[in-house]
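Breakdown of the fold
For reference, the chains in residue letters:
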Amino acid sequence: MSKKKIYNSVSVVGTQWGDEGKGKITNYLSQEADMVVRHQGGNNAGHSIVIDDKRYSLHLIPSGIFDPSVKNVMANGMVINPIAMLEELELLEEQGIKDYQLFISDRAHMVMPYHIKLDGMFEKMKGERKIGTTKKGIGPAYTDKSSRDGIRFIDFLDDDLFKILLKNNVKIKNTMFKAFGEKEVSYNEIYKEFSKIREKIKHMIVDTSSMVYDALENGDKVLFEGAQGVLLCIDHGTYPFVTSSSPTSSSIPVNVGLPLNSVTKSLGIVKAYSTRVGTGGFPTEFEDEVSKLIREVGNEYGVTTKRPRRIGWFDSCLVKHAARVSGLTDITITLLDVLTGIETLKIATSYEVNGVKTTVIPAGEKDFNNAKPIYIELPGWTEDITKVKTFKELPTNAKNYLKAIEREVGVKVSQFSVGPDREQTIDINKMFK
Ligand code: GDP
Ligand code: IMO
Ligand code: MG
């Protein structure tokens, strides 16, 4: 094992509350890559990609799926609903994507029908303290992984073991469903459905840890695709209003099964403003004509749940936090075009928390809810920027906006994006060697 080797790898990380354009940027970079590795989360993610005016929505499948020469890996850190995965593949096939390479980690956990039911049940019981989950069963699937009740794809391949694990799980979950007055699930129905699925997916289930490691050692260009965003991280997000996995670059060695030096560049995807779906604090949130405009122009509706996204001004404290906990080396600023026509743009550069000025995200829920953003204001621009091809072509005020983000976050801007199409991406620095 060559510890000092510098691999040709890039990790794509969401730096806010998700939906920063990770799918678009991963897909853009995948044109150069040999392998794309989704390393955490499940079909709570919604990654929207536009290629030649055609829009694709991915939830589980890595964003390199459109290129037959790219190996797409779903790593052990993911929780995968195989029913949803097959539906997603079917939809892609209907859209003409038939020739692809897709691999599932034998150690990845399966999202089962009872996880989805539990997700809904727990949310209902939490009442006002509900998280606003995507109800895809993600939390309960990761809970089972941690409590060692989960079913991995390797276990699924062994029919005798699968029967035992499924029986135990159905017994435990039905005890809960009964206690909370919910309809029980049927072992026979789940077993029957999953037996059919096994035949369709068994050829994809492999040891992805070795596969990705060999690719890195071979000098291949490997792209790691994160889902969600750092503020939704189970450890470093706005707990408890977070997801159940860690989308940081530092989680990749565990989420994929790789040495510490497996990530060479860590590219933070930064939306030019802030959005959030689900509940939880949001210091720079605002609701007026400008936020409505941003929602409509930016198409700020969830890819997975269709919920309108909450809108806020750019918050450099969030992205600074993401830069630290995820070790960002570069950032991409997306959806810059959405801000065109707004007279004055605001950037939060710090907060006032209990009378004290800070740039650090407070861990406490109340402190974060009460954090008052301190803003700088910048003049906007009116010129259409959707066709610019270089940084130089941007209006001066747009240039200054990017420079202000770079200065406040303290990480170099290596790309920016001026529209949903993958062609509307401008490189300032190349990501792969
Ligand atoms: P992800 O979850 O991080 O992959 O992001 P989503 O796909 O959920 O949300 C990002 C949305 O913004 C999608 O509708 C994209 O098509 C769109 N998008 C991405 N980059 C840009 C951009 O630079 N400008 C505009 N107008 N839309 C963009
Ligand atoms: P992408 O990859 C935005 C949010 C949910 C909820 C919280 C927990 O498209 O950026 P969960 O279903 O994970 O238990 O929900 O996390 N959430 C996302 N928000 N983008 C996502 O993914 C998200 N995945 C989960 O709205 O607040
Ligand atoms: Mg999304």
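Residues numbered from 1 in each chain as written. Chains lettered and ligands numbered in written order. Predicted model: local features only at pLDDT ≥ 70, side-chain atom pairs only at ≥ 80, totals over all residues. Heavy atoms only, no water.

Once that is clear, we can look at the coordination of the magnesium ion (ligand 3). Those donors, D19 (OD) and G46 (O), are the protein atoms that reach the magnesium ion (ligand 3), and they lie 2.0 to 2.1 Å from it. Of this pair, D19 sits in the loop between β1 (9-14) and α1 (22-30) while G46 sits in the loop between β2 (35-38) and β3 (47-51); the two residues are 27 residues apart in sequence, bridging distant segments of the chain. Note on G46: relative accessible area 13%, which makes it buried. (Donors = N, O, S within 2.8 Å, 3.2 Å for Na, K, Ca; no water. Helix = DSSP H or I, 4+ residues; strand = E, 2+ residues; numbered from the N terminus. Buried < 20%, exposed > 50% of the residue type's maximum accessible area, 1.4 Å probe, protein only.)

Taken together, F122, M125 and F180 make up a surface patch of nonpolar side chains, about 280 Å² in accessible area. Position of F180 among the secondary structure elements: in the loop between α6 (159-179) and α7 (187-201). (Patch = residues over 30% accessible without salt bridge, like charges linked within 9 Å, V, L, I, M, F, W, Y side chains within 5 Å. Areas by Shrake-Rupley, 256 points an atom, 1.4 Å probe, with all protein chains shown as cover. Salt bridge = Lys/Arg side-chain N within 4 Å of Asp/Glu carboxyl O.)

This next bit is on the site of ligand 1. Inspection of the region around ligand 1 gives 19 residues, with K22, G23, S48, D337 and S417 positioned closest. A distance of 2.9 Å is found between an oxygen atom of ligand 1 and a side-chain nitrogen or oxygen belonging to D19. With respect to ligand 1, the backbone of G23 contributes an N or O atom lying 2.8 Å from an oxygen atom. In isolation ligand 1 offers 580 Å² of accessible surface; the protein chains occlude 97% of this area. Comparing atom positions with the cavity grids shows ligand 1 to sit within the second largest pocket. Counting residues per element, the ones that place at least two in the shell around ligand 1 are α1 and β3. Here the shell around ligand 1 takes three residues from α1, the largest share from any one element. Partitioning the shell around ligand 1 into residue classes produces five nonpolar, seven polar and seven charged. (Near = heavy atom within 4 Å. Polar contact = N/O pair within 3.5 Å; in protein donor to acceptor, adjacent residues only side chain to side chain. 1 Å grid on protein atoms, 1.4 Å probe; cavity = no way out; pocket = protein on both sides within 12 Å on 5 of 7 lines; lining within 4 Å. Sits in = over half its atoms within 2 Å of the grid points. Nonpolar A, V, L, I, M, F, W, Y, C, P; charged D, E, K, R; others polar.)

The calculated volume of the largest pocket comes to roughly 790 Å³. As for the largest pocket, its lining consists of 41 residues, of which I131, T133, T134, V242 and T243 are closest to the centre. Elements with a minimum of two residues in the lining of the largest pocket: α3 (113-126) and α4 (138-146). It is α3 that provides the largest number of residues to the lining of the largest pocket, a total of five residues. The class makeup of the residues in the lining of the largest pocket is 15 nonpolar, 17 polar and nine charged. (Points joined across faces, edges and corners; volume = space filled by probe spheres on them.)

This part covers α6. Here α6 spans 30 Å end to end across 21 residues, near enough to the 30 Å set by a 1.5 Å rise per residue. Considered for burial, the residues of α6 that qualify are F162, L166, N169, V170, K173, N174 and F177. Taken around the axis of α6, the buried residues stretch over an arc of 135°, which confines them to a single face. Residues of α6 that are exposed and angled more than 90 degrees away from the buried face: D160, K171, T175 and A179. Against β8 (109-110), α3, α4, α5 (153-157) and α7 lie the buried residues of α6. G181 occupies a position one or two residues after α6 and carries a positive phi of about 70°. (Expected span 1.5 Å × (residues − 1). Arc of directions from axis to C-beta. Contact = heavy atoms within 4.5 Å.)

Near ligand 2, the surroundings consist of 20 residues, among which D19, K22, H47, T134 and T243 are the closest. R307 places a side-chain nitrogen or oxygen 3.0 Å from an oxygen atom of ligand 2. Calculation on ligand 2 without its partners gives an accessible area of 540 Å², and the protein chains cover 98% of this total. Tallied by class, the residues present in the shell around ligand 2 amount to seven nonpolar, ten polar and three charged.

The element β1 is largely enclosed, with a buried count of six among its six residues. Residue alternation in β1 divides its side chains into two sets, S9, S11 and V13 and V10, V12 and G14, and both sets are buried. As defined by bridge partners, β1 adjoins strand β10 (residues 222-225) across four bridges and the pair is classed as parallel. Each bridged residue has a counterpart across the sheet, and for V12 the counterpart in β10 is E225. As paired strands, β1 and strand β11 (residues 265-271) are joined by five bridges and run parallel to one another. Bridge pairing in β11 links G14 to I269. (Pairing = 2+ DSSP bridges.)

Under the defined criterion, the tally for this structure stands at 21 salt bridges. For E289, the salt bridge is made with K292, and the minimal N-O distance between the two is 3.6 Å. With E289 and K292 both in helix α10 (residues 289-297) and three residues apart, the pair spans about one turn of that helix. Given the relative accessible area of 42%, K292 is considered partly exposed. Between R309 and E300 there is a salt bridge; the shortest N-O distance is 2.7 Å. Members of the salt-bridge network, linked through shared partners, are D19, K271, E300 and R309.

This part takes up α3. Taking 1.5 Å per residue as the helical rise, α3 with its 14 residues ought to reach 20 Å, and the 21 Å between its terminal C-alpha atoms agrees with that figure. Of the residues making up α3, those classed as buried are Y114, H115, L118, D119, M121 and E123. Residues of α3 that are buried in the fold lie against β8, α4, α6 and α7. Directly after α3, the chain includes G127, whose backbone phi takes a positive value near 60°.

This next bit is on the packing of α6 against α7. Two elements in contact, α6 and α7, have axes whose closest approach is 11 Å; the angle formed by their N-to-C orientations is 145°. Crossing angle aside, the handedness with which α6 passes α7 is right-handed. Across from D159, F162, K163, L166, K167 and V170 in α6, the residues of α7 making contact are Y187, I190, Y191, F194 and R198. Looking at side-chain class alone, the contact of α6 with α7 contains seven nonpolar, no polar and four charged residues. (Axes fitted to C-alpha atoms, helices over the stretch in contact; angles between N-to-C directions. Left-handed = near helix turned anticlockwise from the far one by under 90°.)

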